[in-house]
Each structure stands twice: as C-alpha cells, then as structure tokens.
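For reference, the chains in residue letters:
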Amino acid sequence: MGAYVSNILFGILFFSLVGLFTRNIRRVIRNIKLGTAANRYDQPKKRWLHMARIALGQSKMVRKPLSGLLHVIVYVGFVVINIELLEIIVDGFLGTHRVFAPFLGGFYNVLIATFEVFAALVLVSVILFWTRRNVMRIKRFWRAEMKGWPKWDADIILYAEVVLMGLFLTMNASDYWLQINTQDPHYLTAGSFPVSQWILPLFDGLGVAQVVAVERISWWLHITGILLFLNYLYYSKHLHIILAFPNTWFAKLAPQGQFTNMPEVTDEVKLMLDPNADPYAAPASDVAPSTFGAADVADLNWVQLMNAYSCTECGRCTAECPASQTGKKLSPRKIMMDTRDRLSEVGAALNKGKQPNANTLLDNYISREELWACTSCNACVEACPIAIDPLSIISDMRRYLVMEQSAAPTGLNNMMSNVENNGAPWPFNRQDRIAWRDEINISK
Amino acid sequence: MAELAAQGKQPEVLFWVGCAGSFDDRAKKITKAFVKLLLKAEISFAVLGPEESCTGDPAKRAGNEFLFQMQAMTNIEVLNGYEIKKVVTACPHCFNTLKNEYPGLGGHYEVVHHTQFLKQLLDQGKLKVEGGQFKGKRITFHDPCYLGRANNEYQAPRDVLTKLEGELIEMKSCKAKGLCCGAGGAQMFKDAEAGNKEINIKRTEQALETKPDIIAAGCPFCNTMMTDGVKNKEKEGAIAVMDIAELVQQAEDL
Ligand code: SF4
Ligand code: SF4
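So, how was this worked out
- Residues numbered from 1 in each chain as written.
- Chains lettered and ligands numbered in written order.
- Predicted model: local features only at pLDDT ≥ 70, side-chain atom pairs only at ≥ 80, totals over all residues.
- Heavy atoms only, no water.
- Helix = DSSP H or I, 4+ residues; strand = E, 2+ residues; numbered from the N terminus.
- Rg over C-alpha atoms; globule rule 2.2 N^0.38 Å.
- Buried < 20%, exposed > 50% of the residue type's maximum accessible area, 1.4 Å probe, protein only.
- Contact = heavy atoms within 4.5 Å.
- Buried area = accessible area lost by both parts, 1.4 Å probe.
- Salt bridge = Lys/Arg side-chain N within 4 Å of Asp/Glu carboxyl O.
- Polar contact = N/O pair within 3.5 Å; in protein donor to acceptor, adjacent residues only side chain to side chain.
- Nonpolar A, V, L, I, M, F, W, Y, C, P; charged D, E, K, R; others polar.
- Pairing = 2+ DSSP bridges.
- Axes fitted to C-alpha atoms, helices over the stretch in contact; angles between N-to-C directions.
- Near = heavy atom within 4 Å.
- Parallel < 35°, antiparallel > 145°, perpendicular 65-115°, else oblique.
- 1 Å grid on protein atoms, 1.4 Å probe; cavity = no way out; pocket = protein on both sides within 12 Å on 5 of 7 lines; lining within 4 Å.
- Points joined across faces, edges and corners; volume = space filled by probe spheres on them.
- Domains from an automatic or database assignment.

**Describing the overall build of chain A**
For step 1, the next point in the chain: Scanning chain A for helices and strands turns up 18 helices and 0 strands.
For step 2, the next point in the chain: The C-alpha radius of gyration computed for chain A amounts to 28 Å, which surpasses the reference 22 Å derived for 444 residues by more than 25%, pointing to a less compact arrangement than a globule.
For step 3, the next point in the chain: Referenced to the eigenvectors of the C-alpha coordinate spread, the extents of chain A come out at roughly 100 × 55 × 40 Å.
For step 4, the next point in the chain: Looking at chain A as a whole, 52% of its 444 residues qualify as buried.
For step 5, the next point in the chain: In chain A, 77% of the contacts between residues at least 6 apart in sequence involve partners at least 24 apart.

**Focus: the interface of chain B and chain A**
For step 1, the next point in the chain: If you look at the interface, chain B gives 69 residues, while chain A gives 62 residues.
For step 2, the next point in the chain: Summing both sides of the interface, chain B and chain A together bury roughly 5,800 Å²; the carbon and sulfur share of this comes to 65%.
For step 3, the next point in the chain: Of all residues in chain B, B:F23, B:F66 and B:F189 give up the largest surface area on contact with chain A, accounting jointly for 13% of the area buried on that side.
For step 4, the next point in the chain: Inspection of the region where chain B meets chain A yields 5 salt bridges.
For step 5, the next point in the chain: When the shortest N-O distance is used, the salt bridge between A:R433 and B:E52 registers 3.0 Å.
For step 6, the next point in the chain: Between chain B and chain A we count 30 residue pairs in polar contact (both at pLDDT 80 or more) in total.
For step 7, the next point in the chain: Residue assignment for the side of chain B that touches chain A shows that the elements contributing at least two residues are helix 2 (18-23), helix 3 (25-40), helix 4 (57-62), helix 5 (65-81), helix 6 (92-101) and helix 9 (199-208) of chain B.
For step 8, the next point in the chain: With 8 residues, helix 5 of chain B is the largest single contributor of residues to the side of chain B that touches chain A.
For step 9, the next point in the chain: Taken together, the residues of the side of chain B that touches chain A sort by class into 32 nonpolar, 21 polar and 16 charged.

**As for the sheet that holds strand 8 (residues 240-243) of chain B**
Residues and elements named next belong to chain B.
For step 1, the next point in the chain: Within the open sheet, the 4 strands sit side by side as 6-5-7-8. Their pairing is parallel. Single-partner strands in this sheet number two, and they are strand 6 (167-168) and strand 8.
For step 2, the next point in the chain: Bridge analysis of strand 7 (residues 214-217) against strand 8 gives 4 bridges, and the strand direction is parallel. Residue pairing in the sheet places A217 in a bridge with D243 of strand 8.
For step 3, the next point in the chain: On the sheet, helix 11 (residues 244-252) packs against strand 5 (138-141), strand 7 and strand 8 and is oriented at approximately 90° with respect to strand 8.

**Side note on the sheet that holds strand 3 (residues 86-89) of chain B**
Residue and element names in this part refer to chain B.
For step 1, the next point in the chain: The 4 strands are arranged 2-1-3-4 in an open sheet whose pairing can be described as parallel. For this open sheet the edge positions go to strand 2 (45-46) and strand 4 (110-113), each flanked by a neighbour on one side alone.
For step 2, the next point in the chain: Where strand 3 meets strand 4, 4 bridges bridge the pair, whose relative direction is parallel. In the strand pairing of strand 4, V87 is matched with V111.
For step 3, the next point in the chain: Its contacts with the sheet place helix 6 against strand 1 (13-16), strand 3 and strand 4, and it is angled at close to 160° to strand 4.

**Some remarks on the site of ligand 1**
For step 1, the next point in the chain: Taken together, 13 residues lie near ligand 1, and A:C321, A:C374, A:T375, A:C377 and A:C380 sit nearest.
For step 2, the next point in the chain: Elements supplying a minimum of two residues to the shell around ligand 1: helix 16 (379-383) and helix 17 (390-404) of chain A.

**Here's the deal with the pattern of salt bridges**
For step 1, the next point in the chain: One pass over the full model with this rule turns up 37 salt bridges over all chains.
For step 2, the next point in the chain: The salt bridge partner of B:E65 is A:R399, with a shortest N-O separation of 3.2 Å. A residue pair is termed interchain when its members come from two chains, as with B:E65 in helix 5 and A:R399 in helix 17. In this pair, the class of B:E65 matches that of A:R399, namely buried.
For step 3, the next point in the chain: Taking the shortest distance from any N to any O, the salt bridge between B:K233 and B:E205 comes out at 2.8 Å. With B:K233 in the loop between helix 10 (220-232) and strand 8 and B:E205 in helix 9, the pair connects residues that are 28 residues apart, well separated along the chain.
For step 4, the next point in the chain: The class of B:K233 is partly exposed, set by a relative accessible area of 28%.

**Comments concerning the site of ligand 2**
Residues and elements named next belong to chain A.
For step 1, the next point in the chain: C311, T312, E313, C314, G315, R316, C317, R333, M336, C384, P385 and I388 make up every residue found near ligand 2.
For step 2, the next point in the chain: Where the shell around ligand 2 is concerned, the elements lending two or more residues are helix 11 (316-320) and helix 13 (332-351).
For step 3, the next point in the chain: Of the residues that constitute the shell around ligand 2, the class distribution is 7 nonpolar, 2 polar and 3 charged.

**Concerning the packing of helix 7 (residues 114-123) of chain B against helix 11 of chain B**
Residues and elements named next belong to chain B.
For step 1, the next point in the chain: It is at 10 Å that the axes of helix 7 and helix 11 come closest, and there the two elements cross at 30°. In this view, helix 7 runs roughly parallel relative to helix 11, as classed from their interaxial angle. In this structure, helix 7 contributes H114, T115 and L118 to the contact, and helix 11 contributes I244, A245 and V248.
For step 2, the next point in the chain: Residue classes in the contact of helix 7 with helix 11 are distributed as 4 nonpolar, 2 polar and no charged.

**Observations concerning empty space enclosed by the protein**
For step 1, the next point in the chain: A full pass over the atoms with the stated rule returns 5 cavities of 30 Å³ or more.
For step 2, the next point in the chain: Its volume calculated, the largest cavity comes out at about 240 Å³.
For step 3, the next point in the chain: Lining the largest cavity are 26 residues, and of these B:A20, B:C91, B:H93, B:C94 and B:F221 sit closest to its centre.
For step 4, the next point in the chain: Considering each element in turn, the lining of the largest cavity owes the most residues, 4 residues, to helix 2 of chain B.
For step 5, the next point in the chain: Grouping the amino acids of the lining of the largest cavity by side-chain chemistry returns 18 nonpolar, 7 polar and 1 charged.
For step 6, the next point in the chain: A domain split of the lining of the largest cavity shows at least three residues from each of domain 1 (2-118) and domain 2 (128-253) of chain B.
For step 7, the next point in the chain: A volume near 100 Å³ is recorded for the second largest cavity.
For step 8, the next point in the chain: Together, 15 residues line the second largest cavity, and A:C311, A:C314, A:C317, A:C384 and A:I388 are the ones closest to its centre.
For step 9, the next point in the chain: Sort the elements by how many residues they give to the lining of the second largest cavity and helix 13 of chain A lands first, with 3 residues.
For step 10, the next point in the chain: Each residue belonging to the lining of the second largest cavity can be placed in one class, and the counts come to 11 nonpolar, 2 polar and 2 charged.

**Focus on the domain arrangement of chain A**
All names here are of chain A.
For step 1, the next point in the chain: Split by domain assignment, chain A resolves into domain 1 (2-32 + 64-249) and domain 2 (263-408).
For step 2, the next point in the chain: Taking only C-alpha atoms, the centre of domain 1 and the centre of domain 2 are 38 Å apart.
For step 3, the next point in the chain: For the pair domain 1 and domain 2, the two sides together bury roughly 2,300 Å², of which 52% comes from carbon and sulfur.
For step 4, the next point in the chain: Our enumeration of links across domain 1 and domain 2 arrives at 1 salt bridge.
For step 5, the next point in the chain: Of the charged contacts in the structure, one is a salt bridge between R333 and E145, with a shortest N-O distance of 3.1 Å.
For step 6, the next point in the chain: For the pair domain 1 and domain 2, the number of links is 14 residue pairs in polar contact (both at pLDDT 80 or more).
For step 7, the next point in the chain: Elements with a minimum of two residues in the side of domain 1 that touches domain 2: helix 1 (5-32), helix 3 (65-94) and helix 8 (240-249).
For step 8, the next point in the chain: Among the elements that take part in the side of domain 1 that touches domain 2, helix 8 stands out by supplying 6 residues, more than any other.

This is how it looks when you write it as structure tokens:
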C-alpha cells in the first residue's frame, strides 16, 4: 500500500487542479456567452487561414522584430516543453520514471536535448522581457492603466517562467547525476542533457540520498508549478495562450473600415421611409427591441467579450493610437481591460448566485471623454497581435450615447442636424452642391 | 445626372463629389482638378448635384446609426433609380461607406477611389504625364485611414506619384502604420478632448521630418488637417499640401 502513496498523491493533485481549471474555463465561457449574438461562422476556410497565420504563425507579433522573436521563442518553447509534460503525467500516475525512454530509443535523447535547449532559450528570453519592462521601462508598459495588478501580473508570469524552467533543468541535472553515479535501474540511462550537464558541479559533495531528494523535489515542484500556472491563467492576461486561437478564428474578416449596419435600425428606417407602411404594425423582424448600442458588457457581442479575455495588455494598440499618442485619456488597451474587469465583476456576482451590481461599463469603467476621443482610424485593430477590435466596442458605446441618451458633444449634434436638414455636415444649401461647376470653364 | 438621364444616356461612371468636395473651398479645388482630368481623359461621367446627399459616414462614426441609414437608403434610392453601376469618389470616407456599408442596405456598385481611377487612366494612357515637372521634388504621401488601413489600398496613390517622377519619401510611420490626421470618426466636427498636442500637429511633424517639398494627400479632410498643421509650423511658404488629383492636373498642365 505504502508504495502507492505517491501515485495517489499525484492523482489527487492532478485531478483537483485540473478540475479547478476546468471550472474556471467554464466560467469564462459562461461569461462570454453573456454577450449578444454575432455571426462569425461564415467563410471557415478563410478563418482557419487567419488563425494559422496570426495565432499559430504569429505574423503580427513579429512586426516588432525583437519582441516578436523573443515571443516566438517562448511560445515554441512552451509548446515543445509541454510534450515532456505528457511523460511527467504518465510517470506520476504509474510511479514510473522516464516511461517513454525505452520506446523511443535514440529519439528520446533528441527530444530531451531539444527541451533543454528550449528551456535555456526561454530563460534568456524571459530575462530580456523582464529587462525591457523593468529596466528599459518601455513606455507602453508604464501607462496609467498598467498600475497595480496588471503590472504585477506581467512580472509574476515572467518570474513563474524562470522558476519553472529552473526546476525543469534542475530535475534533469539531478537525474543525470543519478544516472552516472548509481547503478539503480530506476535511473535508467536515458536522455541527453546539453544544458543541465553544466549544473552538475552543484551536486559535488552530495550523497545519493540527497540528490534523489533534489530530483524528487524539483520533479514535484515542477509539475505542481505547471498545474498552478494553469489555474493562474483565469486571473491573468495569460489567458491569451488559449484564447488567441478562437480569437483570431472568430475575428472580423470584413475590411476594417466596414462598420456593422444595425439590422434593428434598418427595420425602423424602412418603416419610416415607406409611405405605405402601417405605422402601428409590429416590427418586421423578430429582433427583440433591445437597447441600441452598448452601455454594459451584456450589450456587447460575445466576440467582443472574448476579445476582452484574450487581451495580453501588450499595449501595441495604445502605442499606435493617435489619441493616446497626443495625451488624450483614450487608450484602446484600457478599453479592453475595462471590458474584462467589468465582465469579471459581473461573473463574480453570478458565481455567488447573485445579481450583478448596478455598475455599468459606461461611466463606471469607461468615461465618455475616452469614447469621444477616438478617430476610428483602426490603428489599434491593425496593431493587435491577436486581432482584437477595440474600435468596435468604442463604436457600440457611442451608439448608445447617441441613440439612447442623445448625449453627443455639441459639435457632433450640430453636424448631425445639418446632415438631417441639409444633407451635408455643414449648414449649406443643397442646391449649391454643384456651385463648383461655375468656377471652371467647362460646359457640362 | 438628371440632365443625362433625361436624354436617355448612361454615364460610364458616376463621380460622387462628397460634401467636402462640394462645399469646402479647399476641397472644391480638388473636385475641379479631378473633373478637369476626367474631361481630358474623355471619360463619360456625371454628378448627382443637388440630388447627392451626405453618405452618412460622419453620423455613423459618431454613433447615429439611424441618421446613417436614412441617408444611405435615400442615396441608394437615387443611385439605383439611375441604375448606376460604377462610382468614383475623391473622398475615402465616402469611398468606404459606399463600398462597404451600402451593399448591406441594397446599394451594390463598383466603387473606386479617385487615386485608383487616376492610376488606371495613367496606365491605360488616357492621361499622360510629360515634362517631369516634379523631378527631384521631395513628395511624402500621407495615407488616409479610410483608404489605407480601412480598405488596404496603399499602392495606387504611390504608383501615381511614381509616375509623376517625384521623389517619393516615406514617413517613419506610413502605410498600415500611418498615423491618422485627426479628422476621422467625425472628429472633424467637434473639439478635441484634452491632451498635450493636436493630432494633426503630430502628424505634420512626422511629415516635416522627411523634409518634403510637397505633402500629398488623398482625402479632403486629411488635406485640411495637414494644411492647418503646416500653417501652424509656419511652413506654408515652403511646403504645399496637395491632393493626388491636383498633382496630376499640374503635371498635365490643365
Ligand atoms: S481607432 Fe480609435 S482607439 Fe483605435 S487607434 Fe484609432 S483613435 Fe485610437
Ligand atoms: S488589444 Fe491587442 S494590442 Fe491592445 S493590449 Fe490587448 S492584445 Fe495588445
């Protein structure tokens, strides 16, 4: 019985932490589903390609060559090293050690060596990332919305990566030491350790029992760390490692300049323009008479809410935004972070079975001043490495302000009444549209 | 257009002048330049004149979807009434709205921006530039957001400039990374929010870094913004802000 203690412990650890993760992901999905419908299932071929290029291929990430390269290393490293995770989990359940080695033969050595090289590269990249944030203090990482938790979040992830990679290499090194220095068949000669062999001298002077302890402790801490990290995602911008994929798949494929034509408005406008329409007839479509535009997260569509969970807070959008660049309050990254924070607030209430509080995304999170500063230039959309569309949220919230509250700035109200009355944004006479013709010497 | 239709004729293309092109003094010059080029190239075209109405773009960007769709449907009725197939416009905002947002409301046209149209005319030899007036002139092109990022057209205006034999010098942020002039999203019609700089000044500074003789634009609103920026920097004597159509017209010596 005693022999199985570690297997059972592992089972408990694994299932409880994976279970917790599953519950959290379910909550994320539930929260995203609070959004309104959005038909983003068309053109599947194009969508797969889009995802392959942007999420899998990181095509937008590498537009900034240095951070792009570092990110690709960490990303590929993450994926590759996770193959090793499979073996660790099987070992954990069966109480075996390097269970795949006998099956894979020489290829196993290649694999382990690859993992090690990537672990080292990831370590270096992560340290460089940390330096960019904290020593070079690149501007986009230090804007107002990055104070407090977001700043912590970014650093915690980097520290966690260092610790995990360190544990992985220590685990390999101690194992390697045991392979060399004991005849114990448990530590079968397997793997090739191009990186961790360099830390072997650390174990000089230790006895077998102590190195076994080091090996076991780093093995356990490593897998526990990974499972904890998995659970950390839910609270972190790091959710993007999963959501980047659906996020790019469901992204808007239409030209960036194309804004949606609200169908519920079309119905009403058609009624207004049709002289034969019966003004008392029921609306033609069965779209529920909801609010126009968005005041809170539930008025946004589910893709916009998924966008909010996917945002990595990298600030590439904000760095390109003309309003942000000229000192206005608007920051497209903050729009995404606010949307997520409000959605989390609503979600937290639902978790407790309560009604969400009376806050709204508008005013409690995003101010009108921010919304009106946007030039709809699409620079943020273009810049986002995972195809997030902050502009669509800004636009929907403006729609709410104008159509539900008639709360546009004066200049815009004047413009709109001119369009309505004169068919132009300025108070000119419609007949003068052709006045330019008399100013050139042509007859037409 | 009404006159042509009365004669039972159908133009090859409808020139959508746009509100700025109709009413704004600076933009009217672009309209006139473009019309002269159309005449020179012997294109059969028409304008709607008083029957044209705002596309609804500024209303839509401001958030007034009702007003936008009212405008759109009224315009679509007129355009469909004349059985218009092809529309050219010198305004990227009109271009984007007509091209992308009208189809969903029943308005299906082939819509081209005037820089694309001019490029075609030059390619087909319907317009010819000779004399190399712009040889050695440093020209930088400011990408309009609604032509560039919004519709992925970066090349046509540049091709035209290359044909003019000017020396095309790119700003640090250009094409997909081009900085907005500050007018889009209906900003043209309201005061800017508090900040530390006007957007058009920032963009003008980027343009000035290229030490240009000419800042080329492809949008009446960008044109206004950049012209104001250049004035603000007291450079209006040395640097001209000109639309692509005006440059071609000058080269054609019309
Ligand atoms: S679309 Fe709006 S939020 Fe996005 S970059 Fe342009 S001004 Fe900023
Ligand atoms: S929206 Fe995109 S570009 Fe902006 S911070 Fe989030 S992930 Fe980065």
